[in-house]
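Reading the structure
Single-letter residue listing:
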Amino acid sequence: MRISGKSAAFFLALVFVLSFANTVFCGDLVLNDLGSKPVNLSSLTGKPSILFFWTTWCPYCRTELKDLNRMYPQLEKEGISVFAVNVGEAGYKVEKFAKDYTLSIRMLLDKDGRAAENYEIRGVPTYIFINKSGQVVSAEHSLPQDYKNLLLNN
């Protein structure tokens, strides 16, 4: 069986497209922070980033937020952008929670759950690790010790 040049090119293009079918890019998704300042998630391209999806009612989220808040200055110093993305709750409730827990992480509000849907979040807490090319390289339910390896080597 002989394959023509056009068939081979089509086959290679198909393999290339399918190999990137599960790659999620940040996209032009805009979320507001607690000060109503918009943050376009596509602006994360060029810098490794962590998006932490959470809710105020989740006990595991509270534990992870405390740990992430403690590490936040170190992460920023390492050049990693960090955002805590609250899913589906009112801004006033998130603001009170952040104040009560003395959180310094920049909070984003995903009121309608579009960002959670875009990143295929199936439960909270969930960390999304985005490399400097804007590609999601991992999704975890806790902050792994090798987070730098995930972000900087992918």
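A brief structural summary. (Residues numbered from 1 in each chain as written. Predicted model: local features only at pLDDT ≥ 70, side-chain atom pairs only at ≥ 80, totals over all residues. Heavy atoms only, no water.)

1. Description of the packing of aromatic side chains
To keep things clear, this is the line we draw: Put simply, two rings from Phe, Tyr or Trp (the six-membered ring, in Trp's case) pair if the centres are within 6.5 Å, and we call them stacked under 30 degrees between planes, edge-to-face over 60, tilted for the rest. For every residue, the accessible area (1.4 Å probe, protein chains only) is compared with the maximum for its type, and the residue is labelled buried under 20%, exposed over 50%, or partly exposed between those bounds.
On inspection of all chains with the given rule, the structure shows 5 aromatic pairs. Between Tyr127 and Phe129, the aromatic rings sit 6.1 Å apart at their centres with planes inclined by 15 degrees, giving stacked as the arrangement. In this pair, the class of Tyr127 matches that of Phe129, namely buried. A network of ring pairs unites the aromatic residues Phe52, Tyr127 and Phe129 as a single cluster.

2. Description of the pattern of salt bridges
Rules: Criterion for a salt bridge: a side-chain nitrogen of Lys or Arg within 4 Å of a carboxyl oxygen of Asp or Glu. Counting from the N terminus, the helices are the DSSP runs of H or I reaching at least four residues and the strands are the DSSP runs of E reaching at least two.
All told, the structure shown has 5 salt bridges when counted by the stated rule. Between Arg70 and Asp67 there is a salt bridge whose closest N-O contact spans 3.8 Å. Here Arg70 pairs with Asp67, and both are found in helix 2 (residues 59-77), just 3 residues apart, close to one helical turn. For the salt bridge of Asp100 with Lys96, the shortest nitrogen-to-oxygen distance reads 2.7 Å.

3. Topic: the environment of Ala116
How we decide: We call two residues in contact whenever any of their non-hydrogen atoms come within 4.5 Å of each other.
Here Ala116 shows up in helix 4 (residues 114-118). Of the residues examined, Ala116 reaches a relative accessible area of 8% and is grouped as buried. In sequence terms Ala116 and Thr126 are 10 residues apart; their C-alpha atoms lie 9.6 Å from each other. Excluding residues that lie within four positions of it along the chain, Ala116 makes contacts with Phe53, Val87, Asp110 and Ile121.

4. What to know about the sheet that holds strand 3 (residues 49-54)
Sheets are built from strands that pair by backbone hydrogen bonding, the pairs being arranged parallel or antiparallel. Short version of the rule: Two strands are said to pair when DSSP picks up at least two bridges between them. The convention used is that axes are lines fitted to C-alpha atoms, helices contributing only their stretch in contact, and that angles between N-to-C directions extend from 0 to 180 degrees.
In space, the 7 strands of this open sheet follow the order 2-1-5-4-3-6-7, with mixed pairing throughout. Each end of this open sheet is capped by a strand with a single partner; those strands are strand 2 (38-40) and strand 7 (136-140). Across the sheet, the mean angle from the axis of one strand to that of its neighbour is 30 degrees, orientation sign disregarded. Of the pairings in the sheet, the one linking strand 6 (residues 126-130) to strand 7 comprises 4 bridges and is antiparallel in character.

5. Notes on the nonpolar core
As a reminder, the rule being used: Only buried residues count toward a nonpolar core. Its members are Ala, Val, Leu, Ile, Met, Phe, Trp, Tyr and Cys residues joined through side-chain atoms within 4.5 Å.
Among the nonpolar cores identified, the biggest contains 26 residues, and Ile50, Trp54, Leu65, Leu68, Leu75, Phe129 and Leu143 are the most heavily contacted of them. For this core, the secondary structure elements donating two or more residues are strand 3, helix 2, strand 4 (81-87), helix 3 (91-100), strand 5 (106-110), strand 6 and helix 5 (147-152). At 6 residues, the largest contribution of residues to this core is made by helix 2. Ignoring sequence-local partners within four residues, the contact set of Leu68 consists of Phe52, Leu75, Val82, Ile105, Tyr127 and Leu143. Core analysis: the second largest hydrophobic core is formed by 16 residues, Val39, Val85, Ala115 and Ala116 among them.

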